[in-house]
Number of protein chains: 2
Amino acid sequence: MSNCLVAQSGGPTSVINATIAGIVKANQLNPLYEHVYGGLNGVEGILNERFVDLTDMSEEENRILQQTPSSALGSCRYKLKRDNVKDFEKLIRIMEKYDISTVFYTGGNDSMDTVTALSEYAEAQGITGRRFIGCPKTIDNDLMHTDHCPGYGSAAKYIAATTLQTWLDLNVYTRQEVLIVETMGRDAGWLAASACLSGVVDILIIPEAPFDKDEFLKLVRKFIRQKNKCVVVVSEGARYADGTYISSSETKNDGFGHATLGGAAHTLKEMVLESGVSSRCRVQDLSYAQRCHAGDLSLTDMTESFRLGMSAHMHSADPAFTGRMVALKRREGEAYEVEYITIPAGEAANYVRNFPAEWILPDYQGVTEEALAYMRPLIQGKPDLILENGLPAYVKPYYMR
Amino acid sequence: MSNCLVAQSGGPTSVINATIAGIVKANQLNPLYEHVYGGLNGVEGILNERFVDLTDMSEEENRILQQTPSSALGSCRYKLKRDNVKDFEKLIRIMEKYDISTVFYTGGNDSMDTVTALSEYAEAQGITGRRFIGCPKTIDNDLMHTDHCPGYGSAAKYIAATTLQTWLDLNVYTRQEVLIVETMGRDAGWLAASACLSGVVDILIIPEAPFDKDEFLKLVRKFIRQKNKCVVVVSEGARYADGTYISSSETKNDGFGHATLGGAAHTLKEMVLESGVSSRCRVQDLSYAQRCHAGDLSLTDMTESFRLGMSAHMHSADPAFTGRMVALKRREGEAYEVEYITIPAGEAANYVRNFPAEWILPDYQGVTEEALAYMRPLIQGKPDLILENGLPAYVKPYYMR
């Protein structure tokens, strides 16, 4: 019996570990592999043979792993470039050495590209019995051909809850004040849009709807006149029609050619105060907490992430199953239900799935009822978290052991 | 039978409404008053006779009110100045008009001063049958003569959980990086100190321990050398030995003569990047979410806030009970238990209870085990929240009805 390897890449989410827990549990119930290895820090660690053995994980650790946010196996930003044959050769040698037939790789766009590149390389080289399977995860929800991405529901829930709560906080005083909530979302507005689930967003600014400063200030003035308050939610990647980001700190990049953003809310705050449309303006920058805050886990999201791992494990019984990603398909009908389908990983890779134009209301008014109906099921339910000293119990990251 | 009035003042907390729910419930069980009125927006609304009738609140609304963050009756920053006899006279006239014998006022230092001033005024004027009772609430935990303040436990829990979660997120990459978490706390370090419950804080900077830039950078360098990471937690009110705040935005004030702060973390980030001790530095500014995030409510905190309201109602049966605040006293012994005592509100007012010097470890290393033992019971337990569409259900603020 051969072995399999699971690894994580890209930005973490609150439920990314549930997929790993699902793969481990599936193999305990239906042992396709002798060992389930965890590769530490994604491709980076795999190339350095940094493995842990997850095969016999206890039921308790499995449950706690599911509720532990942030890649417990560690992540990396190292990209397997298609022309770097040396890395590819080394990886195959390592798989042979450890008798690893299957690599499960959880990640976003870039990771699905890695899965595709490795499968294509193996095929081109006539290498058999080495398979690469993608498991999607990203709070950005911007992968193609999947109804949504595990991780998005929990982030959306945190964003909606925090928007609602900070709106309550904003309103306790009668004074004039603007609240600006900033979410992640470099290219797609899914995260910022989820704030609309709170029902209290006055102005929504996402990358898909070009920013117009005059229009923005006019709207803030309108809401301040109406009710002395205004709630703005903005994506870090919000931009002008010419593509310039509204945040000022767009100069750096993260090594993948992505701009590292942040500061959109503070830029808007400056505009509000300088123009005088409001005398007070507060900022709630959700920052990293939105992708790891596990007090607000969506049970739906956590369960789907776990089952997606189980599904990937099951599909891997097929020796021809490689270069594919397990995706979520929403069933037709009144009640929310998903099925787990598979698609070529290359179809999900390197394309950004934008927030649909037809779901965006004009004049930065937020999103349509259809959009809310899409998002609402994803934030439902709360897991019965295991606590330790009053805080949620988390597994110690495997890369720290 | 006369009536009573409850009102809220100062900054909100996640459990401030549980005290109101406790007063209302106590009066349903033991009707000392014909009506329990809620005064909207604190003294400001009371002086304008903006009341709601809370007497017959349903059990369901009572439960949801307990889990609703931020003053549901609204708050104010209006201070009843001791020399403003007109306001005092007006308030007494309004109490007479509505046959209000007792005012319950929830708030922090300033509110306890208001309770004291009103009681003293009534006594000096020979006015009988008008009583003023203080109920403490503040996330700052800086009131004297109470073991702790309702609201602190839930804020501490959110801060500790978010520190732990963002630390997990920080560590998934192998790269060098500093995380700086900023908490509220203008004058006292209780909130920042609670981050130490996470067990992952490397450097803690609170107002009680003067900030030294060279020492700080030396420490960051040490941790970066040791483990490529460093977690810093800083109070917004952290300051140099000469009293200058480390944040740059200390020029404004909130009308009470308090500086409005914020930006300490960004100032530290600048220091880290400019000095070159780390090439990457991220900020998590908890901002307003720390006083209204109700996904992390501490059941202990919520229960104590509710019972404190019930206790205040019970004490008000005594016609001589005025100018006093209900406080929490921790019982001696292994198991955590509190009793509800009463103290003169004036003793709690206008003094800041600092984080004890003997609980601060040298070299910004955090807090002692004794401090953790003090804080730990306050964050225990999670309420079984009532959900609505996947988000916690909240009452519609009374000032919006």
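Structure: see above.
Small disclaimer: the values here were computed from a predicted structure and weren't measured.

Quick look at the sheet that holds strand 3 (residues 51-53) of chain B now. All names here are of chain B. Taken in spatial order, the seven strands of this open sheet run 3-2-1-4-5-10-11, and their pairing is mixed. In this open sheet, the two edge strands, each paired with only one partner strand, are strand 3 and strand 11 (338-344). Going from strand to strand, the sheet's axes swing by 30° on average, the running direction of each strand aside. Note: strand 5 (residues 131-136) against strand 10 (residues 324-330), two bridges, orientation parallel.

The next subject is the pairing of strand 8 (residues 229-235) of chain B. All names here are of chain B. Here strand 8 lies mainly inside the structure; seven of its seven residues are buried. Of the two faces of strand 8, both are covered, the one formed by K229, V231, V233 and S235 as well as the one formed by C230, V232 and V234. Across seven bridges, strand 6 (residues 177-183) lies against strand 8 in parallel orientation. Bridge pairing in strand 8 links T183 to S235. As judged from the three bridges shared by strand 7 (residues 203-205) and strand 8, these two strands associate in the parallel manner. Considered in strand 8, the bridge of I205 is made with V234.

Two aromatic rings are characterised by how far apart their centres lie and by the angle between their planes. With the rule as written, the count across this model stands at 26 aromatic pairs over all chains. Both rings, one in W190 of chain A and one in W359 of chain A, keep their centres 6.3 Å apart while their planes meet at 85°; by these two values the pair is edge-to-face. Taken together, the residues span a long stretch of sequence, with W190 of chain A in helix 7 (residues 190-194) and W359 of chain A in the loop between helix 11 (345-348) and helix 12 (369-375) at a distance of 169 residues. Considered together, W190 of chain A and W359 of chain A belong to a single accessibility category, that of buried residues. Judged by centre distance (5.4 Å) and plane angle (70°), the ring pair of F211 of chain B and Y240 of chain B falls under edge-to-face. Taken together, the positions of F211 of chain B in the loop between strand 7 and helix 8 (213-227) and Y240 of chain B in the loop between strand 8 and helix 9 (264-275) put the pair 29 residues apart, joining distant regions of the chain. Taking the relative accessible area as the measure of exposure, Y240 of chain B reaches 28% and is therefore partly exposed. By way of ring pairs, the aromatic residues Y152, W190, F355, W359 and Y374 of chain A are connected into one cluster. Looking at K222 of chain B, its charged tip hangs above the ring of F223 of chain B, at a distance of 4.7 Å from the centre.

Each value, and the rule that gives it
- Residues numbered from 1 in each chain as written.
- Chains lettered and ligands numbered in written order.
- Predicted model: local features only at pLDDT ≥ 70, side-chain atom pairs only at ≥ 80, totals over all residues.
- Heavy atoms only, no water.
- Pairing = 2+ DSSP bridges.
- Helix = DSSP H or I, 4+ residues; strand = E, 2+ residues; numbered from the N terminus.
- Axes fitted to C-alpha atoms, helices over the stretch in contact; angles between N-to-C directions.
- Buried < 20%, exposed > 50% of the residue type's maximum accessible area, 1.4 Å probe, protein only.
- Phe/Tyr/Trp six-rings, centres within 6.5 Å; stacked < 30°, edge-to-face > 60°.
- Lys NZ or Arg CZ within 6 Å of the ring centre and 35° of its normal.

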